[in-house]
Amino acid sequence: MAGSPTADGPWVTLRWRLPRVLLAASVVVIAAAAPRPSTAAAGAEEAPPPSVPPGVVLAPQGADEAGRRLAADELRASERALRKATASHKALTKRAPALQQQRTAAEARIAELTERDRAAADALVAARDRVRDMAIAGYVIGGDVPPVDYLLRSKTPADLVRRHQLVQRATESKADALDGYQDAKRTATTELEAALAAADALAATARQADSELRASQAAVDALRADVDHRRQLLDVITAAAPVGASDIPRLFLDAYRKAASTLAKRAPHCRVEWTAIAAIGKIESNHGRTQGARLALNGDVYPRIIGIPLDGTRKTRVIKDTDKGVLDLDTVYDRAVGPMQFIPSTWARIAQDANGDGVRDANNAYDGALATAAYLCRAVATGGLDTEEPLRRAFFSYNHSNAYVDAVYGWKKTFDSLAASV
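Just so it is clear, the structure is predicted and the values come from calculations on it, not from any experiment.

Chemist: Please set out the overall build of the protein chain residue by residue, giving values where relevant.
Modeler: Across its full length, the protein chain holds 10 helices and 2 strands. Secondary structure elements of the protein chain occur, N-terminal to C-terminal, as α-α-α-α-α-α-β-β-α-α-α-α. Relative to its full complement of 422 residues, the protein chain shows a buried share of 44%. Within the protein chain, contacts between residues separated by at least 24 positions form 67% of all contacts whose residues are at least 6 apart in sequence. On the protein chain, roughly 21200 Å² of surface is accessible, and the fraction owed to carbon and sulfur atoms is 57%.

Chemist: So what about the state of the cysteines? Which residues, and what values?
Modeler: Note on terminology: a disulfide is the covalent bond linking the sulfur atoms of two cysteines. For the structure on display, the rule yields 1 disulfide. Here C270 connects covalently by a disulfide to C377, the sulfurs 1.6 Å from one another. You can see C270 sitting in the loop between helix 5 (250-266) and helix 6 (274-285) and its partner C377 sitting in helix 8 (residues 365-378), a full 107 residues away along the chain. Accessibility classification places C270 together with C377 in one group, the buried group.

Chemist: A description of unusual backbone geometry should follow, citing residues and the corresponding values.
Modeler: Most peptide bonds take the trans configuration, and most residues that are not glycine carry a negative phi. Look at the link from Y302 to P303: it is a cis peptide, with omega at -5°. On the secondary structure map, P303 appears in the loop between strand 2 (301-302) and helix 7 (344-350). The backbone of N286 sits at a positive phi, close to 55°, despite the residue not being glycine. Phi angles above zero are rare outside glycine, and K324 is one such case at about 55°. Tracing the sequence through the fold places K324 in the loop between strand 2 and helix 7.

Chemist: Explain the side chain of T372 residue by residue, including any values.
Modeler: Within the element layout of this structure, T372 appears in helix 8. Residues contacting T372, with those up to four places away along its chain left out, are I277, I280, M340, F342 and Y398.

Chemist: Any chance you could break down the nonpolar core for me, citing the residues and the numbers?
Modeler: Counting 73 residues, the largest nonpolar core has Y256, I277, F342, F395 and Y398 as its most contacted members. The dominant element in this core, judged by the number of residues it contributes, is helix 8, at 10 residues. A106, I110, L113 and A195 belong to the second largest nonpolar core, which has 7 residues in total.

The rules behind each value
- Residue indices follow the written sequence of each chain, beginning from 1 at its first position.
- Local features are withheld for residues below a pLDDT of 70 in this predicted model, meaning they are given only at 70 or higher, and side-chain atom pairs are given and counted only at 80 or more; totals for whole chains, interfaces and linings count all residues.
- Water and hydrogen atoms play no part in the side-chain values, which are based on all heavy atoms of the structure.
- Segments assigned H or I by DSSP are reported as helices when at least four residues long, segments assigned E as strands when at least two residues long, and all are numbered from the N terminus.
- Burial classification: accessible surface area is computed with a 1.4 Å probe over protein chains only, and a residue below 20% of its type maximum counts as buried, one above 50% as exposed, and the rest as partly exposed.
- In this analysis, two residues are considered to be in contact whenever any of their non-hydrogen atoms come within 4.5 Å of each other.
- Note on areas: Shrake-Rupley with a 1.4 Å probe; residue coverage comes only from the protein chains shown.
- Put simply, a disulfide is two cysteine sulfurs that come within 2.5 Å.
- Residues enter a nonpolar core if they are buried and are Ala, Val, Leu, Ile, Met, Phe, Trp, Tyr or Cys, with the set joined through side-chain atoms within 4.5 Å.

Structure below.
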């Protein structure tokens, strides 16, 4: 724990009872062994951490290569379902213009037939008007002259014949007009009814197609979201899966390496190796896995890894609250925070933003790893930290305990032996 005093010394680790790592043991055995839970990390239940923000995908506990393969298989299955749903949606989408074209044609046909129907009705009115207004023995304004009366007015046989012919022609004209109208009306009505029925059927088809299209779009959206989620899950499982026999999650390995690389550019004289940073991460939080914490793809760990209150009990020295509980959620005493276990007052001096999100977060693997590298570098007086004695002094500055230094240095040598394979 960086900057956490105990009763054994001003900066002694809370892991003072940790047994020395036996370097003669098998590398695999050493790499697989989990350190005893630190008293700094224990008791986090006393300050419940905040919930995971919406949309953040966490690696499942115990993420490994088998879990990664399973997640990859599930992603591929989800992608296949998305491709199938997308193809179906495209096929449904292509139907829409054709259906609309058919509906437009049906509506135009209805309008045409309605106009014809209206024309037939107009023809009937005109025929009636013609019959009514027909001049028989002179044009009589206001209506027909009854044929019988008109014939009785004849004065001679020739006049009777002429009047009869006029009446007959008028009657035939009226009958023709009525017959023509009825024929047109019957034809137009039959076609109109057929067109209306076709238009209704097309409207029903269009409604069904629209419903299917909406359902298809919803299915595509849901599957796309599922694919995105599964892709993120695969990424974060891959990030959380240990690399080889090192037992270091891939993302933490990346964080350690980037921290060493970044510090090498900033302070090349320090020569802090990534294996030294990883050794501290192993001891302090088992690479962000203590207290059941899980990893997010940006390097955040949830729930926050928060140590016990530094209240003078459990061989700790009293450190009153210095951050108003912002970092460690405790407004009475300070607590060590994050995968690298910084106390708030130390983090205030050494805080880093290594993942470029604009936030210096002790609960982030990248930020914590770079801060650890910077903290170790501060202990360098002369030379670098690539030899044993200066490095041990740097570890001691991180936590004033010889047992802690032995344990961390042992893990550093273990990771050195595995470096070529990770």
